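Reading the structure
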Amino acid sequence: MTKRLKTKIGLLALQGSFREHIAILKKIGAKTVEVRLPEQLEGIDGLIIPGGESTTIGKLAVDFGLLEKLRAFGREKAIWGTCAGAIFLSKDSFQAAHRQQPLLELMDITVERNAFGRQIASFETDVEFPALREISPDETPFHAIFIRAPLIASVAGDAEILSTLPDGRIVAAQQGRLLATVFHPELTGDDRVHRYFLSLVE
Ligand code: GLN
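Given the structure is predicted, the values throughout are model-derived calculations rather than measurements.

Thresholds applied
- Residues numbered from 1 in each chain as written.
- Predicted model: local features only at pLDDT ≥ 70, side-chain atom pairs only at ≥ 80, totals over all residues.
- Heavy atoms only, no water.
- Salt bridge = Lys/Arg side-chain N within 4 Å of Asp/Glu carboxyl O.
- Buried < 20%, exposed > 50% of the residue type's maximum accessible area, 1.4 Å probe, protein only.
- Helix = DSSP H or I, 4+ residues; strand = E, 2+ residues; numbered from the N terminus.
- 1 Å grid on protein atoms, 1.4 Å probe; cavity = no way out; pocket = protein on both sides within 12 Å on 5 of 7 lines; lining within 4 Å.
- Points joined across faces, edges and corners; volume = space filled by probe spheres on them.
- Nonpolar A, V, L, I, M, F, W, Y, C, P; charged D, E, K, R; others polar.

Moving on, we come to the pattern of salt bridges. Throughout the structure, instances matching the rule amount to 10 salt bridges. The partner of Glu34 in a salt bridge is Arg36, and the shortest N-O contact between them spans 2.7 Å. Take Glu34: its relative accessible area is 33%, and that puts it in the partly exposed class. Arg36 gets classed as partly exposed once you look at its relative accessible area, which sits at 30%. The shortest N-O distance in the salt bridge between Asp108 and Lys91 comes to 2.7 Å. Of this pair, Asp108 sits in strand β6 (residues 107–112) while Lys91 sits in strand β5 (residues 90–94), placing them 17 residues apart in sequence. What makes Asp108 partly exposed here is its relative accessible area of 21%.

This part covers empty space enclosed by the protein. To find leftover empty space, one rolls a probe the size of a water molecule over the atoms. According to the stated counting rule, one finds one cavity of 30 Å³ or more in the structure shown. There is about 60 Å³ of room inside the largest cavity. Forming the walls of the largest cavity are Val127, Glu128, Phe129, Pro130, Leu132, Arg133, Asp138, Glu139, Thr140, Pro141, Phe142 and Arg192. In the lining of the largest cavity, the residues fall into six nonpolar, one polar and five charged.

Given below as structure tokens:
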């Protein structure tokens, strides 16, 4: 007899809003593990990189010897980056043409940091996210919270656009098992993006 084990999701817990992801994952029945050291990546099925400050997350990942391990993990397993996490997953990020921060360079997306500027650095709006219909009959738009958010400036290779603002600016993308959202689904009561990520893991 085989026993079905729960999906185990790691949260990169160097900095940022990882606790909010853990709360939603527990609610939908996934097991969670906080990841700060390379060996903690062993035995997990997927990883979430939370929002926060991408330069800080990148520098700590270098200091903790995680960069190469995370790259190897992402070549085989699912990773979802929210906001700063989406920046860290990208091949290239820029802010006013300035580029300099450690990136995982796993996803063929270019990300513009702090793309909404300072005054209107945070806002909420509903976005269409058609892929969510694969896991839920609920067709209501997703209420997206943007906090000093980046934008996905371009997608290349096999990366696909999953969601845009009404004017076409890209706010979510996917490449195989890699998922990037520039908004924060962990701050809403809506667990559809978390369940979508679990479908990529399983
Ligand atoms: N502005 C942050 C950065 O550039 C991202 C903000 C967030 O994760 N909410 O890293």
